[in-house]
Amino acid sequence: MLDICLLGTGGMMPLPYRALTSLFVRYNGSGILIDCGEGTQITTKRLGWSFKSIDLIMITHFHADHISGLPGFLLMMGNAGREEKLTIAGPPGIEKVCRSLLIIAPHLPFPIEYLEIDGPEKVIEMLGLTITAFKVNHNLTCYGYSIELARQGKFDAEAARAKGIPLQCWNRLQHGETVEMDGVTYTSDMVMGAPRKGLKVTYSTDSRPTPSITEHAKGSDLFICEGMYGEPGNEEKAVEKKHMTMYEAAEIAKEADVKEMWLTHYSPSMNKPQEFEEAVKAIFPRTVIAKDRQTLELRFEEE
């Protein structure tokens, strides 16, 4: 199970009624935060999820609305009693940028490990999850992220009995171990079926439409994508600023055939994103015009 919360939905600057875009994902007692603009600690506090549980922060790029909230957020984590190591991942220069920001928060009670992402794609195995960073098309180096939770096949008790595998080996084999008993070696593939469909969340913001987004969004249970502009006439501005319209995001969701798309990162000039819902859904019906602190609990199929 994955708990998902889109803490804010704004782009460029926080507004009295709209916080900056940031994603909080919880799994198995650990938390992952993607982006940390100004005021992110406030929306997290309103949500009520624990700061202390966050083990990984991933930054998409170094524009202020995606990283300037980091000092306050880390201070809040320290005040919550965190002492364990925190990992911060992001584009090349992530350590230098973070250390510059943390001049104003120099005494944190936990160590920080920095993970630099470079190249078109990088796979990170952490916290029991597979996280893929993929490069997108903004006016400086920017990454999207896919978070995947794999699901192993079903345990076949009949096969285990037919092969004479001792009962005391079953649990260990279900957990992928190889077991030797009475001179016989048993492996998990003897009793486990083919892997089943897991869970996948893809997050991409601040980019023009690009094949890497479509490719990595495929198979996603939830695709969170920027919809910076909804009003007609902003197409040229989207190209110039290297952002995306709601309709371009919907075309990506349609091509990737995701289960559901949440739009986010709205322009400050767009007061009521819901006004464009009908037009966007005409392209991709499974679109949600997301609001701050939009929350979803993702479960495996058949659960």
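For the structure itself, consult the block above.
To start, this report covers the structure provided alongside it.

**Here we look at the sheet that holds strand β12 (residues 196-204)**
Strand order in the open sheet formed by 7 strands is β7-β8-β9-β12-β13-β14-β15, with mixed pairing between adjacent strands. With one partner strand each, in any of the chains shown, β7 (121-126) and β15 (287-289) form the two edges of the open sheet. Taken over all neighbouring pairs, the strand axes of this sheet differ in orientation by 20° on average, direction set aside. Pairing analysis gives 3 bridges linking strand β14 (residues 261-264) to β15, with the strands arranged parallel.

**Overview of unusual backbone geometry**
Phi is positive for Asn28, close to 50°, though the residue is something other than glycine. Within the secondary structure, Asn28 is located in the loop between β2 (22-27) and β3 (30-34). Even without glycine at this site, Lys242 takes up a positive phi of about 60°. Structurally, Lys242 can be placed in the loop between α8 (235-241) and α9 (246-256).

**A look at the layout of surface pockets**
Volume-wise, the largest pocket comes out at about 180 Å³. Leu15, Arg18, Ala19, Thr43 and Arg46 are, among the 14 residues lining the largest pocket, the residues nearest its centre. Grouping the amino acids of the lining of the largest pocket by side-chain chemistry returns 7 nonpolar, 2 polar and 5 charged.

**Overview of the sheet that holds strand β1 (residues 2-8)**
Reading across from one edge, β6-β5-β4-β3-β2-β1-β16 is the order of the 7 strands in this open sheet, with mixed pairing throughout. Each of the sheet's edge strands pairs with one partner strand only, and the pair in question is β6 (112-116) and β16 (294-298). The average undirected angle you get between the axes of adjacent strands in this sheet is 15°. Bridge analysis of β3 against strand β4 (residues 54-58) gives 4 bridges, and the strand direction is parallel.

**Here we look at the side chain of Ser30**
Along the polypeptide, Ser30 turns up in strand β3. Residue Ser30 is classed as buried on the basis of its relative accessible area, which comes to 16%. A distance of 2.7 Å separates a polar atom in the side chain of Ser30 from a polar atom in the side chain of Asp55. Beyond its immediate chain neighbours, meaning those up to four positions away, Ser30 contacts Val25, Ser53, Asp55 and Leu127.

Rules used throughout
- Residues numbered from 1 in each chain as written.
- Predicted model: local features only at pLDDT ≥ 70, side-chain atom pairs only at ≥ 80, totals over all residues.
- Heavy atoms only, no water.
- Pairing = 2+ DSSP bridges.
- Helix = DSSP H or I, 4+ residues; strand = E, 2+ residues; numbered from the N terminus.
- Axes fitted to C-alpha atoms, helices over the stretch in contact; angles between N-to-C directions.
- 1 Å grid on protein atoms, 1.4 Å probe; cavity = no way out; pocket = protein on both sides within 12 Å on 5 of 7 lines; lining within 4 Å.
- Points joined across faces, edges and corners; volume = space filled by probe spheres on them.
- Nonpolar A, V, L, I, M, F, W, Y, C, P; charged D, E, K, R; others polar.
- Buried < 20%, exposed > 50% of the residue type's maximum accessible area, 1.4 Å probe, protein only.
- Polar contact = N/O pair within 3.5 Å; in protein donor to acceptor, adjacent residues only side chain to side chain.
- Contact = heavy atoms within 4.5 Å.

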